[in-house]
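These are the residues of each chain, in order.
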Amino acid sequence: MSNSNADHPATTSGSEAGQAASPQNLQSPDMVLTTLDKDGKRRWMFPRLSKGRFLSKRRAVAYLLIALFTLIPYIKINGTPFILLDIVHRKFIIFSYTFLPTDGILLAILLVSFFLSIFFITAVLGRVWCGWACPQTVYMEFLYRPIERLLSGTAGKGGKPTKTIAGWRLAAKYVLYFLVSCYLAHTFLAYFVGVEALRTWIVSSPFKHPVAFVVMAFTTVMMLFDFTIFREQLCIIACPYGRFQSVLLDRNSLIVTYDKNRGEPRGKMARKKKQQDGDIALPVADNGDCIDCKMCVQTCPTGIDIRDGLQFECVSCTQCIDACDSIMDKIKKPRGLIRYSSQAAIDGEKQKLLRPRIIVYPLIIAVLLTAFIFALSSKQHVYIKELRQVRVNYAAQTDGSILNVKQFKIINRDDQPRTYNLAFDNPEIRLTSEDLPITIAPGQPTQINIQIYTPPSLFKNGKHLTSIRITDDNGYNSTLDVSLLGPF
Ligand code: SF4
Ligand code: SF4
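Worth saying up front: this structure is predicted, and the values here are computed from it rather than measured.

Draft legend 1. Region of interest: the overall build of the protein chain. A count of helices and strands for the protein chain gives 15 helices and 20 strands. The 488 residues of the protein chain split such that 25% are buried. Here the contacts in the protein chain between residues at least 6 apart in sequence split such that 68% fall between residues at least 24 apart.

Structure, rendered in structure tokens:
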């Protein structure tokens, strides 16, 4: 992987924008990031829109995903949200299944399987997630960028707008940015608080829920900051996925790549000559198919030159493929000078479909998912634990029985409220409690106190081991060992 040092016609440097570099500023000998000038100033990206077969497909996928991202919080199965990540109440509903903090192992298996699936997809299809499905790319390229192109006047031509932008256009652009950011903030928060809470927040006065209002305002500002200022920096600097690219990909992974064998040596085309048959354009003898038009650079949203090889800034957005294909069409050369391929294929090696990581990742995922299904099917629907007493003691009653007072913590791990009861199978042991039977909401940790009366004859060496039966209104039936204290 290399870091591009090519010139960047798609970008505007700080100095070009009229902010001349101070002579005192330290200058880096090389370009550190394509989005930074050598003196560290931001190089703003104004990528040219390249229409083509990949853009059409990405656009269709993107608008489908935007609809899906918006609708998912509204989807419910049997009254349970399809996805709800309720961090405040420590309850995670995934695929309408409720995971509680006591399901840490299940969640960990799910999370590791998810990351391994990403590793596997990356090993096979490269950064297809980044270019086609990541919300950052989808919203940036298909919501914010079209607004910018429409109102800043670049109309997809790339580069800094040449004319001064009218005030109303700037105002309209930022109003639209703000509205889209509000919509995104609401969509984002719906995943964490649920649509019902969100609806209440929207319709009632901010003074009735100031904390919620501040959370919403903060999220909106963060969206606005991300998509209007931070932009591609999130992919280049903040997102760890791109940084891991070099270890996740191998020579046979699918990447967007430039065919240097076909394209080099690059060079301008010969001037058109008037011939008897009309205008024809001939490539300069010995030149490759790349005419060094730099359209692939002008269109790149992260400002790199794909001809410098695979770079971690490349988000596989395929814009350079569409740009180059249109140039190849114009100069009547076959498409695909930049294309989806692999490093091995470009270097003339045989493409290997079966590689160690292509076999190992699915195997580990299969083992994890089997463990997940096993753990899920054997999961207890109630978590009950005897709490440690500060003063462990017993009391002899006037009727001769021995009283033990115990405290239990019960968590309903089902996704519906359940009513629980405790009892002893041994009819000699009597249990009383003001707390029983008790109805507990899903995921709600609840403490109960019970009094246990035991005949003294049951105690041996001051102890009696027995088990207490726990039942619920949904057929749950289990026992828990308890130790009762009494006279020697
Ligand atoms: S768009 Fe194609 S022809 Fe033009 S510079 Fe890029 S690789 Fe070369
Ligand atoms: S190099 Fe091509 S595929 Fe990669 S980010 Fe730039 S335009 Fe997109």
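Draft legend 2. Local environment of the site of ligand 1. Within the structure, ligand 1 sits among 16 residues, and C290, C293, M295, C296 and C324 are positioned closest to it. Among the elements that make up the shell around ligand 1, the one with the highest residue count is helix 13 (residues 319–330) (3 residues).

Draft legend 3. Summary view of the nonpolar core. By size, the foremost hydrophobic cluster in this structure holds 29 residues, and its most contacted members are V256, C296, I306, C320, C324 and I338. Elements with a minimum of two residues in this core: helix 1 (53–71), helix 8 (233–238), strand 8 (255–258), helix 12 (295–298) and helix 13. By residue number, the principal contributor to this core is helix 13, which donates 4 residues. Not counting residues up to four positions away in its chain, the partners in contact with C324 are M295, C296, L337 and I338. One finds Y139, M140, Y144 and V193 within the second-largest nonpolar core, a separate group that totals 14 residues.

Draft legend 4. Region of interest: the pairing of strand 20 (residues 477–485). In terms of strand pairing, strand 19 (residues 463–472) meets strand 20 through 9 bridges, oriented antiparallel. By the bridge assignment for strand 20, K463 is matched with L485. Hairpin remark: strand 19 followed by strand 20, antiparallel, with 4 residues in the connecting loop; positive phi at G475, about 90°.

Draft legend 5. Representation of the packing of helix 2 (residues 104–125) against helix 15 (residues 356–377) within the structure. It is at 9 Å that the axes of helix 2 and helix 15 come closest, and there the two elements cross at 160°. By the angle class used here, helix 2 and helix 15 are roughly antiparallel. Remark: the crossing between helix 2 and helix 15 carries left-handed chirality. Residues I105, L106, I109, L110, V112, S113, L116, S117, F119, F120, A123 and V124 of helix 2 form the contact with helix 15, whose own contacting residues are R357, I358, Y361, P362, I364, I365, L368, L369, A371, F372, A375 and L376. Of the residues assigned to the contact of helix 2 with helix 15, the class counts are 21 nonpolar, 2 polar and 1 charged.

Draft legend 6. The site of ligand 2, seen in detail. The full set close to ligand 2 counts 14 residues, and C300, I306, C314, C317 and C320 are the nearest of them. Here the shell around ligand 2 is built from residues that sort into 9 nonpolar, 5 polar and no charged.

Draft legend 7. Layout of unusual backbone geometry. Omega for the bond connecting E264 with P265 falls within 30 degrees of zero, at -10°, which places this linkage in the cis form. Within the secondary structure, P265 sits in the loop between helix 11 (260–263) and strand 9 (273–275). Here the amide bond leading from L436 into P437 is cis, since omega sits at -10°, within 30 degrees of zero. Within the secondary structure, P437 sits in the loop between strand 16 (430–432) and strand 17 (438–440). Despite not being glycine, S96 has its phi angle at roughly 65°, a positive value.

Draft legend 8. View of the sheet that holds strand 7 (residues 97–99). Strand order in the open sheet formed by 3 strands is 5-6-7, with antiparallel pairing between adjacent strands. The sheet is open, and its two edges are formed by strand 5 (83–86) and strand 7, each paired on a single side. For this sheet, the mean inter-axis angle between neighbouring strands, taken without regard to orientation, is 20°. Where strand 5 lies against strand 6 (residues 91–94), 4 bridges are found, and the strand directions are antiparallel. By the bridge assignment, L85 is partnered in strand 6 with F92.

Draft legend 9. Main features of the pairing of strand 6. The turn linking strand 5 back onto strand 6 is made up of 4 residues, and R90 within it adopts a positive phi angle of 50°. Alignment of strand 6 against strand 7, held across 3 bridges, turns out to be antiparallel. Residue pairing for strand 7: I94 is matched across the bridge by Y97. Adjacent in sequence and paired antiparallel, strand 6 and strand 7 are bridged by 2 residues, among which F95 carries a positive phi angle near 50°.

Draft legend 10. Main features of the sheet that holds strand 15 (residues 418–424). Across the sheet, 4 strands lie side by side as 17-15-19-20; this open sheet has antiparallel pairing. The sheet is open, and its two edges are formed by strand 17 and strand 20, each paired on a single side. Taken pair by pair, the neighbouring strands of this sheet meet at an average axis angle of 30°, ignoring direction. Across 3 bridges, strand 15 lies against strand 17 in antiparallel orientation. The residue bridging T419 from the neighbouring strand is T439, located in strand 17.

Draft legend 11. Main features of the environment of R418. Along the chain, R418 falls in strand 15. If we ignore the near neighbours within four places in the chain, the residues touching R418 are N412, I440, D472, D473 and N474.

Draft legend 12. How the structure looks around the packing of helix 5 (residues 167–193) against helix 7 (residues 210–230). The contact between helix 5 and helix 7 brings their axes to 8 Å, and the two run at 120°. Classed by the angle they form, the pair helix 5 and helix 7 counts as oblique. Handedness of the crossing formed by helix 5 with helix 7: right-handed. Counting all contacts with helix 5, which are made through Y177, F178, S181, C182, L184, A185, F188 and L189, the residues of helix 7 involved are M216, T219, T220, M223, L224, F227 and T228. Of the residues in the contact of helix 5 with helix 7, the class split is 11 nonpolar, 4 polar and no charged.

What counts, and where the lines are drawn
- Residues numbered from 1 in each chain as written.
- Chains lettered and ligands numbered in written order.
- Predicted model: local features only at pLDDT ≥ 70, side-chain atom pairs only at ≥ 80, totals over all residues.
- Helix = DSSP H or I, 4+ residues; strand = E, 2+ residues; numbered from the N terminus.
- Buried ≥ 20, exposed ≤ 12 C-beta atoms within 10 Å, placed from the backbone.
- Contact = placed C-beta atoms within 7 Å.
- Near = placed C-beta within 6 Å.
- Core = buried A, V, L, I, M, F, W, Y, C linked by C-beta atoms within 7 Å.
- Pairing = 2+ DSSP bridges.
- Axes fitted to C-alpha atoms, helices over the stretch in contact; angles between N-to-C directions.
- Parallel < 35°, antiparallel > 145°, perpendicular 65-115°, else oblique.
- Left-handed = near helix turned anticlockwise from the far one by under 90°.
- Nonpolar A, V, L, I, M, F, W, Y, C, P; charged D, E, K, R; others polar.

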